2 protein chains.
Amino acid sequence: MQFTSERRLDGAVREREFALGEIPGILWTPGSVSAPAPLILLGPPPLGLRKTYPRLVARARHSAAAGFATATIELPGRGDRPRWPAAEQALAELRRAMEAGEPVSDEIVDALILPLVDRAVPEWQAALDALLSLREIGGPVGYSGGVISIGTRLAVVEPRISAAVLFAGSFVPRAMFQEARQVTIPLHVLLQWDDEGNDRQAALDLFDAFGSKEKTLHANMGGHTGVPQFAGDAAAQFFTRHLK
Amino acid sequence: MQFTSERRLDGAVREREFALGEIPGILWTPGSVSAPAPLILLGPPPLGLRKTYPRLVARARHSAAAGFATATIELPGRGDRPRWPAAEQALAELRRAMEAGEPVSDEIVDALILPLVDRAVPEWQAALDALLSLREIGGPVGYSGGVISIGTRLAVVEPRISAAVLFAGSFVPRAMFQEARQVTIPLHVLLQWDDEGNDRQAALDLFDAFGSKEKTLHANMGGHTGVPQFAGDAAAQFFTRHLK
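Named according to an unreviewed UniProt entry, chain A is Alpha/beta hydrolase originating from Streptomyces paludis.

Written as structure tokens, this is what we have:
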């Protein structure tokens, strides 16, 4: 992991861009820390780091104020990372179906999400190796947001992740329901009740499928990007309960 | 309203039993208040005040610590209040259906809940008149818990109630869905995902029906009485946001 830039936000939160091989990422650490800070991995929305930077940095500042370090990396095929044809084609088919008002078929969802999960999860694990080797980062580790199938797979295969906030706001392949049953860590699931691009019943079914003994669903009114401030506060309290 | 007894809990919270005509009730006020305290009406579970006192007093203490007064009154036909034959018969039919593992018919639910709502709501409004005339109680007023149909009707007809925490844990007559659409105050709805005596889909449908722009559903694992401590904390934060 190579740091490529550094600055202070408001003279407090330390923001460092890094490259993990060819994968760009950002690390935010609290301004003043005496002990290594627990880490929250911010799963980036599929639009890419640059387009979602304002929302990411708002979550990073909020988390730093509560004593957490946060980090994120670019998803495969997003931002400046190389595209691959199959993913581009699946995305084009998804857009066509949605613009035509047609149901999105299982085939499109599988083609869009499953290869992304297969590629992204090992990258997040490599990022975790690098981040946990820094002396200012300690454990435990949480995962927050992003593509819910990536969060689900990570929760199953990565024992260093102790708790996760998942956002029921993206398409879920049927195969992920089997993986969801294997999740055992505490979960806090956010659902936007009127999310125009999300199947509410599928989100409720996925919540039901998770194997965790402690799982909480917070449903709020509004569309995909309309998560209210108090819902963000509740997610932060969940991490404070489980990571501190 | 006649106060019939008074004591201090832990030398702090002031607990007073009262009679509103023939209706028994309890008022809890914070130990030290400079200004009139906002009030939360604690809708009692259908089992009656005496059987649910430990849970009620826990909620009262928690609320007093946050600066709220709380009060509750006995439901019609519960505790020492006179039974009426139609309600007793509906309750017997409900128990018979549940013990036989049969679905509970709309007729049983209507016979059980609708007369209870019709009788209870004016009593709660009379209690509100009396409580708000006390100099140690101010506004605004919240309603919390109890029979969700009573909370729904109160939210529609009683403009002095500014926000409500509702517990999706009792049978809901179909007619209440129409009333739910008329609710406009902020709502915080608790759902126990594995509640053995509750129809989860009906609870989700009712949440969907509420007309409020701000409504939040918090679903947690466990049965009817298994609401986790952190869910109680979140409900308290909802009242602090809206009543203070």
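With that settled, the discussion passes to the side chain of A:T52. Residue and element names in this part refer to chain A. Mapped onto the fold, T52 is located in helix α1 (residues 49–65). Side-chain polar atoms of T52 contact the backbone oxygen of G48, separated by 2.6 Å. Apart from residues lying up to four places away in sequence, T52 is in contact with P45 and L47.

Another aspect to go through is the interface of chain B and chain A. If you look at the interface, chain B gives 19 residues, while chain A gives 19 residues. Between chain B and chain A the total buried area reaches about 1,600 Å² when both faces are included, carbon and sulfur atoms providing 58% of it. When the area that chain B buries against chain A is broken down by residue, the three leading residues are B:W193, B:M221 and B:F230, summing to 31%. Between chain B and chain A we count two salt bridges in total. Linking chain B to chain A there are 10 residue pairs in polar contact (both at pLDDT 80 or more). Elements with a minimum of two residues in the side of chain B that touches chain A: α6 (200–209), β9 (215–220) and α7 (229–243) of chain B.

Each of the two chain copies can be brought onto the other by rotation about an axis and movement along it. Aligned on chain A, chain B shows an RMSD of 0.0 Å; the corresponding rotation is 180° and the shift along the axis is 0.0 Å. The symmetry that links the two subunits is that of a two-fold axis. Proximity to the rotation axis, assessed at the C-alpha, singles out B:H218 in chain B; its C-alpha lies 2.4 Å from the axis. Looking at the interface residues of chain B, 100% of them are also at the interface in chain A, so both copies use one shared face.

Let's shift gears to the pattern of salt bridges. Residue and element names in this part refer to chain A. For the structure on display, the rule yields 28 salt bridges over all chains. Between R241 and E214 there is a salt bridge, with the nearest N and O atoms lying 3.2 Å from each other. Of the two residues, R241 is situated in helix α7 (residues 229–243) and E214 in the loop between α6 (200–209) and β9 (215–220); the sequence distance between them amounts to 27 residues. With a relative accessible area of 38%, R241 lands in the partly exposed category. Residue E214 is classed as partly exposed on the basis of its relative accessible area, which comes to 22%. The network of salt bridges with shared partners includes D118, R153 and E179.

Thresholds applied
Residues numbered from 1 in each chain as written. Chains lettered and ligands numbered in written order. Predicted model: local features only at pLDDT ≥ 70, side-chain atom pairs only at ≥ 80, totals over all residues. Heavy atoms only, no water. Helix = DSSP H or I, 4+ residues; strand = E, 2+ residues; numbered from the N terminus. Polar contact = N/O pair within 3.5 Å; in protein donor to acceptor, adjacent residues only side chain to side chain. Contact = heavy atoms within 4.5 Å. Buried area = accessible area lost by both parts, 1.4 Å probe. Salt bridge = Lys/Arg side-chain N within 4 Å of Asp/Glu carboxyl O. Least-squares fit on C-alpha atoms with pLDDT ≥ 70 in both. Buried < 20%, exposed > 50% of the residue type's maximum accessible area, 1.4 Å probe, protein only.

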